[in-house]
Amino acid sequence: MPDGRHLADRMLDAVNDHDLDRLSRCYDRHAVLSTPLGVYEGHEQIVRYWESLFRSFADLAVTVWNRMECADPVFSEWTMTGTHTGPFALPDGGVAGASGRRITLRGCGACQTKNGLVAVHRNYFDMLELYSQLGFSPVAD
């Protein structure tokens with residue numbers, strides 16, 4: 001059974017490979033993923049979240065630059081990069097078409113494990129930074 005650090009690294013490798021099957025096998029079937037974009041519960045919702053991100057940013061990549069070595073939860077600080085090449089869901093229910101803009105977001109993630117799988121995954125990043133890089137205004141016109 002993998003420890004939390006190994007499991008988190010395996011999950012991040014699957015993200016970088018855009019491998020939804022491998023990614024889903026990292027999560028407990030009742031896992032909860034919480035991000036600034038929303039809360040996703042269970043395999044189906046979590047896979048849909050990652051699939052949506054991969055569709056929005058076809059070259060999405062996460063580079064971990066700090067791994068906190070602790071038992072559980074495991075923490076990683078990272079930089080996420082990508083090019084906005086596909087539809088991106090907006091908080092008002094709208095969808096932004098591909099802009100071709102590059103994003104570079106700094107963030108961190110915390111993974112709690114249960115029986116060798118991710119049970120709770122929390123990602124933190126600045127939504128204002130994301131929207132600004134995509135050319136969106138945080139204030140409605």
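Above this text is the structure in question.
Below is a short write-up of the structure.

Calculation notes
Throughout this document, residue positions are counted from 1 along each chain, in the order its sequence is written. Where totals are concerned, whole chains, interfaces and linings use all residues; where local detail is concerned, this predicted model gives features only for residues with pLDDT of at least 70, and gives and counts side-chain atom pairs only at 80 or more. Side-chain numbers come from the whole structure's heavy atoms, not from hydrogens or water. Put simply, DSSP marks the helices as runs of H or I at least four residues long and the strands as runs of E at least two long, and each gets a number from the N terminus on. Note that the radius of gyration is over C-alpha atoms, with the globule rule given as 2.2 Å times the number of residues to the power 0.38. Buried means the residue's accessible area, taken with a 1.4 Å probe over protein chains only, is under 20% of the maximum for its type, while exposed means over 50%, and partly exposed covers the values in between. The contact definition used throughout considers only heavy atoms, calling two residues in contact when any of these lie within 4.5 Å. In this tally, Asp and Glu contribute negative charge and Lys and Arg positive charge; neither His nor the terminal groups of the chain are included. Note that the charge is assigned to NZ on lysines, CZ on arginines, CG on aspartates and CD on glutamates. Strands are treated as partners if at least two bridges between them are detected by DSSP. Residues adjacent in sequence count toward polar contacts only when both atoms are side-chain atoms; beyond that, a polar contact is any pair of N or O atoms within 3.5 Å, and within protein one must be able to donate a hydrogen and the other to accept it. Pairs of cysteine sulfur atoms within 2.5 Å are identified as disulfides in what follows. Salt bridges are defined as contacts in which a side-chain nitrogen from Lys or Arg sits within 4 Å of a carboxyl oxygen from Asp or Glu.

A word on the overall build of the chain. Per the secondary structure count, the chain includes four helices and eight strands. Here the C-alpha atoms of the chain give a radius of gyration of 15 Å, agreeing with the 14 Å that 2.2 N^0.38 yields for 141 residues. Along the first, second and third principal axes, the C-alpha set of the chain runs to 50 × 30 × 25 Å. Split into buried and exposed, the 141 residues of the chain put 41% on the buried side. Counting only contacts in the chain whose residues sit at least 6 apart along the sequence, the fraction spanning at least 24 positions is 55%. Charge-centre separation for the chain: the mean point of 13 positive side chains lies 2 Å from the mean point of 18 negative side chains.

The next thing to look at is the pairing of strand E4 (residues 74–83). Extensive coverage of E4 is indicated by the burial of seven of its ten residues. As judged from the seven bridges shared by strand E3 (residues 61–68) and E4, these two strands associate in the antiparallel manner. Among the inter-strand pairings, Met-68 is bridged to a residue of E4, identified as Phe-75. Counted along the chain from E3 to the antiparallel partner E4, the turn is five residues long. Here E4 runs beside strand E7 (residues 102–114); their pairing, made up of ten bridges, is antiparallel. Among the inter-strand pairings, Thr-83 is bridged to a residue of E7, identified as Arg-102.

Turning our attention to helix H4 (residues 127–134). Buried within H4 we find Met-127, Glu-129, Leu-130, Tyr-131 and Leu-134. Buried residues belonging to H4 abut strand E5 (88–89), E7 and strand E8 (117–125). The N-terminus of H4 is capped by Asp-126, whose side-chain oxygen sits 2.8 Å from the backbone nitrogen of Leu-128. Gly-135 sits one or two residues past H4 and shows a positive phi near 90°.

Taken as a whole and assessed by the stated rule, the structure comprises zero disulfides. No disulfide involves Cys-26; its nearest neighbouring cysteine sulfur is the one of Cys-111, lying 9.1 Å away. The exposure class of Cys-111 is buried, given its relative accessible area of 4%.

It is worth spelling out the pattern of salt bridges at this point. Applying the stated rule across the entire model yields eight salt bridges. Across the pair Asp-17 and Arg-22 runs a salt bridge, and its minimum N-O distance is 2.6 Å. Here Asp-17 falls in the partly exposed class, since its relative accessible area comes to 49%. Judged by its relative accessible area of 26%, Arg-22 falls in the partly exposed class.

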